[in-house]
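If you want the building blocks of each chain, they are given just below.
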Amino acid sequence: MPGPATARRRRDTPPPRTGGTETEVLRGFLDYLRDSVAAKVEGAPEPGVRTASVPSGTNLLGLLNHLTHVERATFLGERVEDWPATFRADPGDGAAEVVERYRAAVAAANEVLDGCTDLAAAAPRSRPNMTAPSLRWALVHLIEETGRHAGHADILRELLDGTTGR
């Protein structure tokens, strides 16, 4: 584990200053968290980026791979059959590929959100026989999910190479 002499400290980015509407606030905080978690994976060294530092097996690539599936399921209506499997990136994928896929999923999700004029509208759903949550619920859920995993990524990156900050 790197000691204080090798630790790299990034400048912390403060929470966003958003517009005053509910949509602007929710989207602003979600995008802030999305950028934070992607930044934790960008530039992370191999093989540590895929190596588990905790008993659960969690690693940086797996976290971002999982969040890619969450974005696509929540905002694009894609079905996920095996959620635990989403915590593992493909063995051939490096940090750049996983970050690129995540950013593409975020961009596609934002296209859906850009067309939203009513947060009470139903989110896309892959199972037509189930009631879809509202886009408001989906945004709040993604803020919670991304924030939770951004915290995990903070710890994993610091254990990996001493990098801290957002």
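All figures in this text were calculated on a predicted structure; none of them were measured in a lab.

1. Description of the packing of helix α1 (residues 22-41) against helix α2 (residues 60-76)
Alright, step 1. Where α1 contacts α2, the two axes come as close as 9 Å, and the packing angle between them is 150°. On the basis of their axis angle, the class for α1 and α2 is roughly antiparallel. Handedness of the crossing formed by α1 with α2: left-handed. Across the interface between the two elements, L30, R34, V37, A38, K40 and V41 of α1 pack against L60, L61, L64, L67, E71 and F75 of α2.

2. Considerations on the nonpolar core
As a rule of thumb, nonpolar side chains are buried together in soluble globular proteins.
Alright, step 1. If you look at the biggest cluster of nonpolar residues, it comprises 19 residues, and the most contacted ones within it are V37, V41, V49, L60, L61, L64 and Y102.
Alright, step 2. Not counting residues within four places of it along the chain, the set of residues in contact with V41 comprises V49, L60, L61, L64, A95, V99 and R157.
Alright, step 3. Of all hydrophobic cores here, the second largest spans 13 residues; its members include F75, L113, A123 and A138.

3. Side note on the confidence of the model for the protein
Alright, step 1. Within the protein, residue pLDDT values average 90, and 93% of them lie at 70 or more.
Alright, step 2. pLDDT under 50 marks residues 1-5. Its contacts with residues more than four places away, or in other chains, come to 5 contacts.

4. Remarks on the side chain of R157
Alright, step 1. Mapped onto the fold, R157 is located in helix α4 (residues 135-161).
Alright, step 2. At a separation of 3.2 Å, a polar atom in the side chain of R157 contacts the main-chain carbonyl oxygen of E42.

Thresholds applied
- Residues numbered from 1 in each chain as written.
- Predicted model: local features only at pLDDT ≥ 70, side-chain atom pairs only at ≥ 80, totals over all residues.
- Heavy atoms only, no water.
- Axes fitted to C-alpha atoms, helices over the stretch in contact; angles between N-to-C directions.
- Helix = DSSP H or I, 4+ residues; strand = E, 2+ residues; numbered from the N terminus.
- Parallel < 35°, antiparallel > 145°, perpendicular 65-115°, else oblique.
- Left-handed = near helix turned anticlockwise from the far one by under 90°.
- Contact = heavy atoms within 4.5 Å.
- Core = buried A, V, L, I, M, F, W, Y, C linked by side-chain atoms within 4.5 Å.
- Buried < 20%, exposed > 50% of the residue type's maximum accessible area, 1.4 Å probe, protein only.
- pLDDT = per-residue confidence, 0-100.
- Polar contact = N/O pair within 3.5 Å; in protein donor to acceptor, adjacent residues only side chain to side chain.

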